[in-house]
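Observations on the model geometry
Here is how the chains run, residue by residue.
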Amino acid sequence: MKFGKKTAFAALVAASALVFAGCAGGGDVIEEGSGDGGSGDGEMYIALVSKGFQHQFWQAVKKGAEQKAEELGVKITFEGPAAETEIAQQLEMLTTAIDKNPDAIAYAALDPEACVAPLEQAKAKDIPVVYFDAPCDGDVGLSLSATDSKVAGALAAEHMAELIGGKGEVAIVGHSNINSTGVERRDGFVEKIEADFPDIKIVDIQYGDGDHLKSADIAKTLIAAHPDLKGIYGTNEGSAIGVVNAVNELGLEKGKITIVGFDSGAAQINAIKDGTMAGAITQDPIGIGEQVVQAAYDAANGDDVDEFYDTGSYWYDSTNIEDEKIAAVLYQ
């Protein structure tokens, strides 16, 4: 499914939705065995399964989801694996959520192919599915609430080019070459550089799974292999902080390597304020959480939903980090 047009879905609200007690996540945890549309009092229940749980980004998404759930008067659960490499664990969470027959499922795919089969089971049970951050392949999902990652990657490229004077060697430390956010943030950056900045050469692209330590090791290797390297782009919080840690551990002068990051979090904010990182792209994770719960609610009620809700992307650096609009989409 391509997320760009409006679609209608006459959802059949599941009559019996249960959820395991003690699941990781927020919202009101629905006790197992209620047997009445997910709760004893007949309230709608929406199960959210994210790519992760510990990163500050996902905690911000969770906060937004909880805020919207309270506004709408629905029950939610929010869970995700400890790390964004744990595809099998995420699929187990998804399968368990489907088995509980929620009124709707909101899902952020780590592997867009591995989730096809379980979501077909949701479709067979008439459980509407909406996506957030990253979709699954196939035609089950009705809607995607997310940043337009290619647009965001291109925005990162524009600022990198400006910062290094429109010429020189740069590299990318990516967080994934499988899930859509990693691929699209990379491709948006690469395509913008290739189209508009012929004097900039992307010398290498490596992947550190969003892990600080792995990304730091990759960045050190890139810097050693390319002594004329002028910039490194990290495609998520863990990737960017890995690059920051690498230049600090190497004792490089601040600004010698222009670092452009993605996402927010206290570590990136501090790195920008102290001059180690030039700037980064932030999303609106609270907005993503709010929008996906709204979409799930609408789909469960049989209302129209848009195929794609672009929740926006923004460049921030030391010059605008305190601006009201930017501060509202930074998360620590």
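Residues numbered from 1 in each chain as written. Predicted model: local features only at pLDDT ≥ 70, side-chain atom pairs only at ≥ 80, totals over all residues. Heavy atoms only, no water.

1. Here we look at unusual backbone geometry
Look at Asp126: it is not a glycine, yet its phi comes out positive at around 60°. Among the secondary structure elements, Asp126 is positioned in the loop between α3 (116–124) and β5 (129–132). For Asp126, a relative accessible area of 38% corresponds to the partly exposed category. Phi angles above zero are rare outside glycine, and Asp133 is one such case at about 70°. Position of Asp133 relative to the elements: it lies in the loop between β5 and β6 (144–146). Overall, Asp133 belongs to the buried group, its relative accessible area being 5%. (Helix = DSSP H or I, 4+ residues; strand = E, 2+ residues; numbered from the N terminus. Buried < 20%, exposed > 50% of the residue type's maximum accessible area, 1.4 Å probe, protein only.)

2. Topic: the pairing of strand β2 (residues 45–49)
The element β2 is largely enclosed, with a buried count of five among its five residues. Burial of the side chains of β2 extends over both faces: Tyr45, Ala47 and Val49 are buried on one face and Ile46 and Leu48 on the other. Two elements, β2 and strand β3 (residues 75–79), share five bridges in a ladder whose sense is parallel. Counterpart to Ala47 in the pairing with β3 is Thr77. Regarding topology, helix α1 (residues 56–72) serves as the crossover connection from β2 to the parallel β3, and that connection is right-handed. (Pairing = 2+ DSSP bridges. Right-handed = clockwise from strand over helix to strand, strands pointing away.)

3. Points about the packing of aromatic side chains
Applying the stated criterion across every chain, the model contains six aromatic pairs. Ring geometry for Phe78 and Phe132: centres 6.4 Å apart, planes at 45°, overall tilted. Of the two residues, Phe78 is situated in strand β3 and Phe132 in strand β5; the sequence distance between them amounts to 54 residues. Summarising the burial analysis for this pair, Phe78 and Phe132 share the class buried. (Phe/Tyr/Trp six-rings, centres within 6.5 Å; stacked < 30°, edge-to-face > 60°.)

4. Quick look at helix α4 (residues 149–163)
Its 15 residues give α4 an end-to-end C-alpha distance of 21 Å, which sits within 8% of 21 Å, the value for a rise of 1.5 Å per residue. Where α4 is concerned, the buried positions are Ser149, Ala152, Gly153, Ala154, Ala156, Ala157, His159, Met160 and Ala161. Gly165 sits one or two residues past α4 and shows a positive phi near 75°. (Expected span 1.5 Å × (residues − 1).)

5. Thoughts on the sheet that holds strand β4 (residues 104–107)
Hydrogen bonding along the main chain pairs the strands of a sheet, whether they run parallel or antiparallel. The parallel open sheet is built from six strands, whose spatial order is β3-β2-β4-β5-β6-β13. The open sheet has two edge strands, β3 and β13 (308–310), and neither has a second partner. The average angle at which neighbouring strand axes cross in this sheet is 15°, direction not considered. Looking at chain direction, β4 and β5 are connected through three bridges and run parallel. Paired with Ala106 across the strands is Val130, a residue of β5. Across the sheet, helix α9 (residues 285–300) is in contact with β2, β4, β5, β6 and β13; its angle to β5 comes to roughly 170°. (Axes fitted to C-alpha atoms, helices over the stretch in contact; angles between N-to-C directions. Contact = heavy atoms within 4.5 Å.)

6. Focus: the packing of helix α2 (residues 87–99) against α3
Taken N-terminus to C-terminus, the directions of α2 and α3 make an angle of 10°; their axes are 10 Å apart at the nearest point. Here α2 is positioned roughly parallel relative to α3, judged by the angle of their axes. Contacts from Leu91, Leu94, Thr95 and Ile98 of α2 reach α3 at Pro118, Leu119, Gln121 and Ala122. Residues belonging to the contact of α2 with α3 are distributed by class as follows: six nonpolar, two polar and no charged. (Parallel < 35°, antiparallel > 145°, perpendicular 65-115°, else oblique. Nonpolar A, V, L, I, M, F, W, Y, C, P; charged D, E, K, R; others polar.)

7. A few points about empty space enclosed by the protein
Summed over all chains, the structure comprises two cavities of 30 Å³ or more. Estimates place the volume of the largest cavity at around 100 Å³. Along the walls of the largest cavity sit 13 residues, with Phe57, Trp58, Glu84, Arg185 and Asp263 positioned nearest its centre. Only α1 and α5 (180–196) provide two or more residues apiece to the lining of the largest cavity. Residues belonging to the lining of the largest cavity are distributed by class as follows: two nonpolar, five polar and six charged. By volume, the second largest cavity is sized at about 50 Å³. Val247, Asn248, Leu252, Glu253, Lys254, Gly255, Lys256, Ile257, Ile259 and Thr276 together form the lining of the second largest cavity. For the lining of the second largest cavity, the class distribution of residues is four nonpolar, three polar and three charged. (1 Å grid on protein atoms, 1.4 Å probe; cavity = no way out; pocket = protein on both sides within 12 Å on 5 of 7 lines; lining within 4 Å. Points joined across faces, edges and corners; volume = space filled by probe spheres on them.)

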